[in-house]
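Coordinate inspection notes
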Amino acid sequence: MKVMVINGPNLNMVGVREKGIYGTKSFEDICEYIREEGKKRGHEITLFQSNCEGEIIDELQKAYFENYDGIIINPGAYTHYSYAIHDAIKGINIDTVEVHLSNVHAREDFRKKSVTAPACIGQMCGFGEDGYILAIKALELKKMSK
Ligand code: DQA
């Protein structure tokens, strides 16, 4: 499968930011892990990170025009208020899995609400970087069930 992995604002600072919550692995290490695990499973993985809402939307639209089979997205804090990202996911008709490194449901109240998850086929949270691999597996299972 052609899978696009999109990470939103501040995820590039993982390994530096709030290590007690997000861990000590650098963002580059996490990207490498996703790339390697994806490759092992026979997928073509494209990784993209941006701190800007519009760039994330552009990338989602690009996934449509470039015929991606699946998307994995960690929208960072945009999760909690970006109707524009919700609409972009809805608009492209590609199976999308939302991922969060931390268990957003065990944190502040504002993190318990995701406006983007309803546009996705499901959400994975609280499993650190393994969440991205679980998301790849979810996309595989979804494809098999079609
Ligand atoms: C996050 C959770 C969000 O609430 C937060 O704003 C992030 C990271 C996560 O991966 O746990 O930036 O998406």
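Conventions adopted
- Counting restarts for each chain, with residues numbered from 1 along the sequence as it is written.
- Given that the model is predicted, a residue must reach a pLDDT of at least 70 before its local features are reported, and side-chain atom pairs must reach 80 or more before they are shown or counted; all residues, however, enter totals for whole chains, interfaces and linings.
- Derived side-chain values reflect all non-hydrogen atoms in the structure, with water molecules and hydrogen atoms excluded from consideration.
- Only DSSP runs of H or I with at least four residues qualify as helices, and only runs of E with at least two residues qualify as strands; both kinds are numbered from the N terminus onward.
- Values of the radius of gyration come from C-alpha atoms, whereas the globule rule sets the reference at 2.2 Å times the count of residues to the power 0.38.
- Accessibility here uses a 1.4 Å probe with only protein chains present; expressed as a share of the type maximum, an area under 20% marks a residue as buried, one over 50% as exposed, and anything in between as partly exposed.
- Throughout, a residue-residue contact means that at least one pair of heavy atoms, one from each residue, lies within 4.5 Å.
- All accessible areas in this document rest on Shrake-Rupley with a 1.4 Å probe, and a residue is counted as covered only by the protein chains that are shown.
- Only four residue types enter the charge count, namely Lys and Arg as positive and Asp and Glu as negative; His and the chain termini do not.
- To locate a charge, the coordinates of NZ of Lys, CZ of Arg, CG of Asp or CD of Glu are taken.
- By convention in this text, a residue qualifies as near a molecule or strand provided that one of its non-hydrogen atoms is within 4 Å of it.
- Two N or O atoms form a polar contact when they lie within 3.5 Å of each other; inside protein one atom must be a possible hydrogen donor and the other a possible acceptor, and for residues adjacent in sequence the pair counts only when both atoms belong to side chains.
- Space inside and on the surface of the protein is sampled on a 1 Å grid over the protein atoms alone, with a cavity defined as a set of points where a 1.4 Å probe fits but cannot get out and a pocket as an open set with protein on both sides within 12 Å along at least 5 of 7 lines; lining residues have an atom within 4 Å of a point.
- Think of it this way: a molecule belongs to a cavity or pocket when more than half its atoms come within 2 Å of the grid points there.
- Polar here means any residue outside two lists: the nonpolar Ala, Val, Leu, Ile, Met, Phe, Trp, Tyr, Cys and Pro, and the charged Asp, Glu, Lys and Arg; Gly therefore counts as polar.
- Grid points are joined across faces, edges and corners, and a volume is the space filled by probe spheres set on the points.
- Note on pairing: DSSP must find at least two bridges between two strands before they are called paired.
- Each axis is a line fitted through C-alpha atoms, and for a helix only the stretch in contact is used; angles between axes span 0 to 180 degrees, taken between their N-to-C directions.
- By definition, a salt bridge exists where a carboxyl oxygen of Asp or Glu is found within 4 Å of a side-chain nitrogen of Lys or Arg.

**Here we look at the overall build of the protein**
Secondary structure summary: the protein contains five helices and five strands in total. Sequence-ordered secondary structure for the protein, helices as α and strands as β, is β-α-α-β-α-β-α-β-β-α. Against the 2.2 N^0.38 benchmark of 15 Å for 146 residues, the protein shows a C-alpha radius of gyration of 14 Å, consistent with a compact globule. On the principal axes, the C-alpha backbone points of the protein span a range of 40 × 35 × 25 Å. By the burial criterion, 50% of the 146 residues in the protein qualify as buried. Taking as baseline every contact in the protein between residues at least 6 positions apart, the subset at least 24 positions apart corresponds to 75%. Total accessible area on the protein is roughly 7,300 Å²; 50% of this is exposed by carbon and sulfur atoms. One way to put it: in the protein the 18 positive side-chain charges average out to a point 4 Å from where the 21 negative ones average out.

**Details of the site of the ligand**
Near the ligand you find P9, R17, Y22, N74, G76, A77, H80, H100, L101, S102, V104 and R111, and these make up its full shell. Measuring from an oxygen atom of the ligand, one finds a side-chain N or O atom of R17 at 3.1 Å. Between A77 and the ligand, the recorded distance is 3.1 Å, taken from a backbone N or O atom to an oxygen atom. Burial of the ligand by the protein chains amounts to 99% of its free accessible area of 320 Å². A molecule is said to occupy a pocket when more than half its atoms come within 2 Å of that pocket's grid points, and by this definition the ligand occupies the largest pocket. A class-by-class count of the residues in the shell around the ligand yields five nonpolar, five polar and two charged.

**Looking at the layout of surface pockets**
By volume, the largest pocket is sized at about 180 Å³. Lining the largest pocket are 16 residues, with R17, Y22, G76, A77 and R111 sitting closest to its centre. Among the residues forming the lining of the largest pocket, the class breakdown is six nonpolar, six polar and four charged.

**Looking at the pairing of strand β3 (residues 70-74)**
Counting buried positions over the five residues of β3 gives five, a clear majority of the element. With burial as the criterion, each face of β3 is covered, one bearing G70, I72 and N74 and the other bearing I71 and I73. Bridge count for strand β1 (residues 2-7) against β3 is five bridges, and the pairing is parallel. Directly across from V3, in β3, lies its bridge partner G70.

**Considering the sheet that holds β1**
On the basis of which strands lie adjacent, the open sheet formed by five strands has the order β2-β1-β3-β4-β5 and parallel pairing. Sheet topology places β2 (44-49) and β5 (122-125) at the edges, where each strand pairs with a single neighbour. Neighbour to neighbour, the strand axes of the sheet diverge by 20° on average, direction disregarded.

**Section: the pattern of salt bridges**
Scanning all chains against the criterion turns up nine salt bridges. Where E108 meets R107, a salt bridge forms, and the shortest distance between an N and an O atom there is 3.8 Å. Judged by its relative accessible area of 37%, E108 is partly exposed. With relative accessibility at 16%, the residue R107 sits in the buried group. For the salt bridge of E108 with R111, the shortest nitrogen-to-oxygen distance reads 2.7 Å. One connected set of salt bridges, linked through shared partners, spans R107, E108 and R111.

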